[in-house]
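As a plain string of letters, each chain reads:
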Amino acid sequence: MDPNRFDALVRALPATSTRRAAVQTLVGALAALGAGHLGLAPELAAGKPSGKAPTTATGKASGKVAAGKPGGNASAKAHATAHDTGPDAAAGKTGGKPAATAAGQGSGAPKKKHHHHHHGGGGTCTTGAAGEQGSSVTQTSQTSFNGQILQATQTVQPVGANHATASQLDVTLAGAPLLTIAIAGQDRAVTVTITYGAALQGIQRAQFVNDGTTITGDIDGRAIVPLPATSDPSKTRFADGAPPPDVQVDPDLAKAIQTLLHQAHQAAKTCRPAPATAAARRRGMRPTSHPEENAGCLALYIPCASGQTICLYGVAGGCVAALFGYGICVGIGVAACEYAALVCRKTVRVGGTCCPVTCGGSTDVANPFSDDPSCCEHGETCVNPDSNQSACCPAGTQACAGVNCCKPDETCQPNGQCCAPGASLCGEVCCPNGSCQNGQCCDLPNVTCGAACCAPFSSCCAGQCCTGICTNGICCVAPATYCNGSCCANTCCNGVCCPAGQSCVNGNCAVVCTVPHYACPNVPGNPPCCLTAHTCCPGVGCCDIGLQCCAIGNGLNACKTTCVA
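Note that the structure is predicted; figures quoted are calculated from it, not measured. (Residues numbered from 1 in each chain as written. Predicted model: local features only at pLDDT ≥ 70, side-chain atom pairs only at ≥ 80, totals over all residues. Heavy atoms only, no water.)

*Asks:* Just to check I follow, could you spell out the side chain of T180 for this structure?
*Replies:* On the secondary structure map, T180 appears in strand β5 (residues 176-186). Here D170 takes part through its side chain, which lies 3.1 Å from a polar atom of the side chain of T180. Those residues within four positions of T180 in sequence are excluded, and the remaining contacts are Q168, L169, D170, T193, I194 and T195. (Helix = DSSP H or I, 4+ residues; strand = E, 2+ residues; numbered from the N terminus. Polar contact = N/O pair within 3.5 Å; in protein donor to acceptor, adjacent residues only side chain to side chain. Contact = heavy atoms within 4.5 Å.)

Laid out in structure tokens, this is it:
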């Protein structure tokens, strides 16, 4: 990685001594396992934060492995045919002394002549679709062996959830697989699965898991005895007590593979692919896409993936001479590569370009397995500053109780409600000041009535909710009407509530009559109804047409043509 770009990342972080020291160790010369291209110091690449004692995510690789060499004497096994590349070849150079072979060839045996392989150069470096954090990087290098194309292709995927990583290195000859190394990382464990092609006899598949402390696994179904993650591959033993497999490979092909991987290692250092475009994903309350999804941020992840490619090529090439112990050697080295790449990713992830405002989580780049913070854009604030799942409050708003965003003129309530001016919390809702009754909001169209909250369109009548008409403190609900201090369900006539069936006739309550009858006044002795044109006469009844009701004395009445005075 360009040191200037890492310097920019360093400056973007808070100037705490631990954090800055951890990041500054990323800047500088090449370090263990090619991880120097990530800017990592050897001790950090081996799993130690900032030069302190290991807190081991991946464990410390041995000095030989860190230099890209197989540890121990793995290349001199009695049951394996190896080509001991020596220090020069381990560093990617050809030459060296032949190892002891199953046929009994020692260091003094004549070297087998091979003139049929030729090393040419070529390769590509591209990016794939963007993931959660960055783009995939694919780097291809090729040469020739015996007139056929010898090719190495490596793809490193962007880091996913729970720090998951995935990469694969394929070495082919004329399109036929020679060696496939599939690497999958999840949290602190790295699984390395190696598939051997037909050119490597005596071994087909090996799988190892490095959890930073212990390496477990099997070779062609035979379990190995678990060994420390920092072990020399030559110390590998099988649980069944039997000897290792008799691995045989053309020494010149092994050298050609190693030279190709060294070539790929060097070519990867110049890999500068453009980042793939990420689809904007809106999360939380922010009005635009997350800053981590813009091209500027995604570009910063590219050197991490490229650096991991360089590191893995260095490990794969440096371990070639280990033969049957190859998987162990790779398992040790790859763990350091993964850790280095995760430190690089964490540095980018919490930097000012990708995460201008951090919410919760950890920004300690020396601990890449810690929870990532949630990120907000410049001007935004964290809804919950202590949570790495926090959403973001847009600029100009303020976080409220960790669950909401309030406008400047709103008041944040303890439950996260944002109340408008002139309102306050009442129960679980905002309520106009003075309208809160017994924990319930009694705002319009409800009506406040003493300690009670009346229903919409009602009124307060003498301290009671009234859904009718309030008159002189008395609430009468239709069809009842106010009548001289009480509610009358019938006709109110001159302050009198008429009995049911009566109406007000000439100021008095009278029976309701049907046409052609009419109601007589409510006078004692009066008939209730008389026919039209007939006169009502108390004590007499209805006078016929042409007669009228006349008083004849002693309170008596009679129907006469003319009443005599």
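*Asks:* Which parts of the structure should I look at to understand the pairing of strand β20 (residues 429-432)?
*Replies:* Two faces make up the sheet, and in a regular strand the side chains alternate between them. Relative to β20, strand β19 (residues 423-426) runs antiparallel, the two being bridged by four bridges. Note on β20: the bridge partner recorded for S424 is C431. The turn joining β19 and β20, which pair antiparallel and follow one another in sequence, is formed by two residues; a positive phi near 70° is taken by G427. (Pairing = 2+ DSSP bridges.)

*Asks:* I'm lost on the state of the cysteines in this one. Help?
*Replies:* In protein chemistry, a disulfide is the covalent bond that joins the sulfur atoms of two cysteines. Evaluation of the coordinates by the stated rule reveals 29 disulfides. Bridging C297 to C354, the disulfide has an S-S length of 1.9 Å. Between C297 and C354 the sulfur-sulfur dihedral comes to about 110°; the bridge is accordingly right-handed. A residue pair is termed long-range when its members are at least 10 positions apart, and C297 in helix α7 (residues 295-318) and C354 in the loop between α8 (326-349) and β11 (357-359) qualify at 57 residues. Neither C297 nor C354 differs from the other in exposure class; each is buried. The side chain of C493 participates in a disulfide bridge whose partner is C504; the two sulfur atoms lie 1.8 Å from each other. Measuring the twist about the S-S bond at about 55°, one finds the C493-C504 disulfide to be right-handed. In this pair, C493 is assigned in strand β31 (residues 492-493) and C504 in strand β33 (residues 502-505), connecting sequence segments eleven residues apart. Owing to a relative accessible area of 1%, C493 belongs among the buried residues under this scheme. With a relative accessible area of 36%, C504 lands in the partly exposed category. (Disulfide = S-S within 2.5 Å. Buried < 20%, exposed > 50% of the residue type's maximum accessible area, 1.4 Å probe, protein only.)

*Asks:* Could you clarify how one ought to interpret the pattern of salt bridges in this entry?
*Replies:* It is possible for side chains bearing opposite charge to pair when their charged atoms get close. By the definition in use, this model includes four salt bridges. For D372, the salt bridge is made with K346, and the minimal N-O distance between the two is 2.9 Å. Note that D372 is positioned in the loop between β11 and β12 (374-376) and K346 in helix α8, a separation of 26 residues in sequence. This pair shows no difference in class: D372 is buried, exactly as K346 is. Salt-bridge contacts for R349 lead to D372; the nearest nitrogen and oxygen are separated by 3.9 Å. (Salt bridge = Lys/Arg side-chain N within 4 Å of Asp/Glu carboxyl O.)

*Asks:* Explanation requested: the pairing of strand β6 (residues 189-196) in the structure shown.
*Replies:* Strand direction decides the pairing type here: β5 and β6, joined by eight bridges, are antiparallel. Looking at β6, one finds that I183 is bridged to V192. Counted between consecutive antiparallel strands, the loop separating β5 from β6 contains two residues, among which D187 sits at a positive phi close to 55°. Two strands pair when backbone bridges link them, and β6 and strand β7 (residues 205-210) are joined in this way by six bridges, in the antiparallel orientation. Each bridged residue has a counterpart across the sheet, and for I194 the counterpart in β7 is A206.

*Asks:* I keep staring at the environment of A254 and nothing clicks. Help me out?
*Replies:* Take A254: it is sitting in helix α6 (residues 251-268). In this structure, the C-alpha to C-alpha distance between A254 and A199, residues 55 residues apart in sequence, is 9.8 Å.

*Asks:* I'm lost on the packing of aromatic side chains in this one. Help?
*Replies:* Any two aromatic rings considered together are summarised by their centre-to-centre distance and by the angle between their planes. Applying the stated criterion to the full structure yields zero aromatic pairs. Here R222 stacks its cationic end above the ring of F238, 3.8 Å away from the centre of that ring. (Phe/Tyr/Trp six-rings, centres within 6.5 Å; stacked < 30°, edge-to-face > 60°. Lys NZ or Arg CZ within 6 Å of the ring centre and 35° of its normal.)

*Asks:* Just checking my understanding: could you explain the packing of α7 against α8 for this structure?
*Replies:* Axis angle and axis distance: for two packed helices, these are the angle between their axes and the distance between the axes, and together they describe the pair. Where α7 meets α8, the closest approach of the two axes is 9 Å, and the angle between their N-to-C directions is 165°. On the basis of the axis angle, α7 is roughly antiparallel to α8. At the point where α7 passes α8, the crossing takes the right-handed sense. Only Y326, C329, V330, G333, V334, C337, E338, A341, C344, R345, V348 and R349 of α8 make contact with α7, whose side of the interface consists of C297, L300, Y301, C304, Q308, C311, L312, V315 and A316. (Axes fitted to C-alpha atoms, helices over the stretch in contact; angles between N-to-C directions. Parallel < 35°, antiparallel > 145°, perpendicular 65-115°, else oblique. Left-handed = near helix turned anticlockwise from the far one by under 90°.)

*Asks:* Explanation requested: unusual backbone geometry in the structure shown.
*Replies:* Phi is mostly negative for residues that are not glycine, and the peptide bonds are mostly trans. For the bond from A478 to P479, the omega torsion is 10°, close enough to zero to count as cis. Residue P516 follows V515 across a cis peptide bond; omega there is 15°. Mapped onto the elements of the fold, P516 is located in the loop between β34 (508-511) and β35 (517-519). With a phi angle near 65°, F457 is a residue other than glycine that sits in the positive phi range.

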